[in-house]
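Here's the letter readout for the chains.
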Amino acid sequence: MADQSTTEMKATLGLTGLTMNAMALIAPGAFLWLTFIAQAGEGATAPAMWIGILLALLLCLATAVCYAELAKLYPGTGSSYYFAEQSFLNHDKHWRYARLSKFIVGWASHLYYWIYPGVMVAVTGIFCGYVVGTLWPNAMSASNPGTLFMMVVAVVFTLGVAYIAHRGVTGSTAVNIAINVIQISALVVFAVMAIGYRMNHPPGSVAFQFDSVSGEAYTYEFATTQTTANGQTTDTIVRDANMVPQPKLDAAGQPVAYKISYPTTDDKGNFLTHPSAGSVIGIHNVGWMFVQATVAILILVGFESVTAMGGEAINAKRNVPIAVITSLLVQGAFCYLFEYFAANYFLNSGYTMQSATGSAAPIGDMMIVVGDALFGQGHGRTFMLIEAITVFLALIGTTLSCINTGARVTYAMGKDQEVPEHFGMLHEKNLSPHRAIWALAIISAVIGCISLLVVFGDGAAATLTDSAIAALPHGLWSSVWFATSQARLAALPNTLVMIVLASNFGTFLLYMLSCIICMVAYQGHPNYSMVKHMLIPVFGVLANLICMMFYIIGPFMGYGTKMEPFGALGIAAVWAIYGGIYFTKASKSMGRTTLVASRAGRA
């Protein structure tokens, strides 16, 4: 028999394994490459990208302390879902609300854990489209990959990662350890090169400018000609038969060298570059900071994933809390803040924030430029492809870790019959919650495909033109389902950003509830600390709540776009309503009461 409902998970994970599993989900190697475009696409708020990440990091640190403290009290499988039940059952006054609280927390966590893997497989599709477009530009556009191609990649990738998860947590941990070492090393190298490029190219010096069509960087100015389309006259770059931009020539017939500058905005007021290092880390606008934080939370979540593996930890009470804090400090406080500073500091007239907005992989473009500068023109693409391999490995690690975590929360709810009972079964040989894993894989593939429907919609369409869309390679994989005009793209919501924000809303909700649970768990406890069990959780609650409120407040204040946050709120509302209906019907069919009738045998 393949299923066992009574088999328990085996304790095999030490401190290193637990920390590496949490670090794999945070994955700076994957998210620097893939989330930069989503943050750049938040329009006028882009200058506050770095400070938004810092705000999100402070929010996560407060939440991480709460998770660590809860893991000390209640080591086990299920993370916040399990903590909610135990904290209320062990409370002298609130124990009757144990079942209701754990269901609310568990159901809310699925808004995050079930959508998040779909986001990851979607960005994997974008990533692969960019690489294919770079290698074969006549078959695929690197800046605007084909929708159908990206969807197929997302589905295949989902099934591959789900198979690794199905094999068990021991194999998953070995994969994550190797991936963490590789990705951190690779992205630190890029960050150092990006900072070096900026420092070695003062304003007025000869430098590279990137061309998104050919996917290469050049040290000369581009020749242009005027073209008219739909009654509008624009300057168009002159290209040869291979789409290589031709140089602008001086009076002597020699190419005009491209000289770099660092303009803050263009003539329309669109943000272009940071004039100084201080500008990179500046607040610029408090509202912008909060908008960027609502997106940036995506890159920092995952530290709590290790609390879902308490049943597989050798010394859960000691090692899980350490793994929670360590993973966030290493990946968030060091890797992200350093790497995002480098990427924003690199921006220049040859590659601006507007260039990043119109690209499927801004970090890949930057790697080509800095690679050409350091290794010689033409070698930047090779450098980018080598770095891309590490990013792909990081994508495997973060998706694997997320599926492992989400499946274990579903498994815990299945064991309690709060979701269909078959989710609470383990594979007889691998001892993995395989039914939950494969269900999550199917959900992830579907969500991934939905995310890829209109990747370049709304704000991301601002840098596209009708002529650029018409010039995309035509074919089943490269142009089917791609809008035929810039106006149509701009009128559609960016489905990737909308799904990202839906996942992030689930994250804010889960983290806020977890901070509340921590306060409940330690109320009247002998080890109660005012700082760790009241002040820090209260800060976490408020910070998460404010970020959630910005989904509504931000658009009305002119910060960011409207369609995506409102769409995300709609998804969250539907999930909440469905959860209430499901809980009511399931309780009635099983004869269970909403409030716990007795603590005997449950605490």
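Just above sits the structure.
Keep in mind the model is a prediction, meaning the values are calculated, not measured. (Residues numbered from 1 in each chain as written. Predicted model: local features only at pLDDT ≥ 70, side-chain atom pairs only at ≥ 80, totals over all residues. Heavy atoms only, no water.)

As a further point, take the packing of aromatic side chains. A full pass over the atoms with the stated rule returns 29 aromatic pairs. Between the aromatic rings of Phe103 and Phe583, the centroid separation amounts to 4.6 Å while the plane-to-plane angle is 45°, which identifies the pairing as tilted. In this pair, Phe103 sits in helix α5 (residues 98-113) while Phe583 sits in helix α20 (residues 563-590), placing the two residues 480 residues apart along the sequence. You'll find Phe103 and Phe583 in the same group, each marked buried. Between Trp107 and Tyr582, the ring centres sit 5.7 Å apart and the planes meet at 20°, which makes this aromatic pair stacked. Separated by 475 residues along the polypeptide, Trp107 in helix α5 and Tyr582 in helix α20 bring together distant segments of the chain. Judged by its relative accessible area of 10%, Trp107 is buried. Taken together, the ring pairs in this structure connect Phe103, Trp107, Trp114, Trp575, Tyr578, Tyr582 and Phe583 into an aromatic cluster. One cation-aromatic arrangement involves Arg96 over Trp95; the distance from NZ or CZ to the ring centre is 5.9 Å. Lying over the aromatic face of Tyr262, Arg198 brings its terminal NZ or CZ to 3.8 Å of the ring centre. (Phe/Tyr/Trp six-rings, centres within 6.5 Å; stacked < 30°, edge-to-face > 60°. Helix = DSSP H or I, 4+ residues; strand = E, 2+ residues; numbered from the N terminus. Buried < 20%, exposed > 50% of the residue type's maximum accessible area, 1.4 Å probe, protein only. Lys NZ or Arg CZ within 6 Å of the ring centre and 35° of its normal.)

Moving on, we come to the environment of Thr225. Assignment of secondary structure puts Thr225 in strand β4 (residues 224-229). Residue classification places Thr225 among the partly exposed residues on the basis of a relative accessible area of 39%. When the C-alpha atoms of Thr225 and Thr236 are compared, they prove to be 5.3 Å apart, with 11 residues separating the residues in sequence. Not counting chain neighbours up to four residues away, the residues in contact with Thr225 comprise Thr234, Asp235, Thr236 and Val238. (Contact = heavy atoms within 4.5 Å.)

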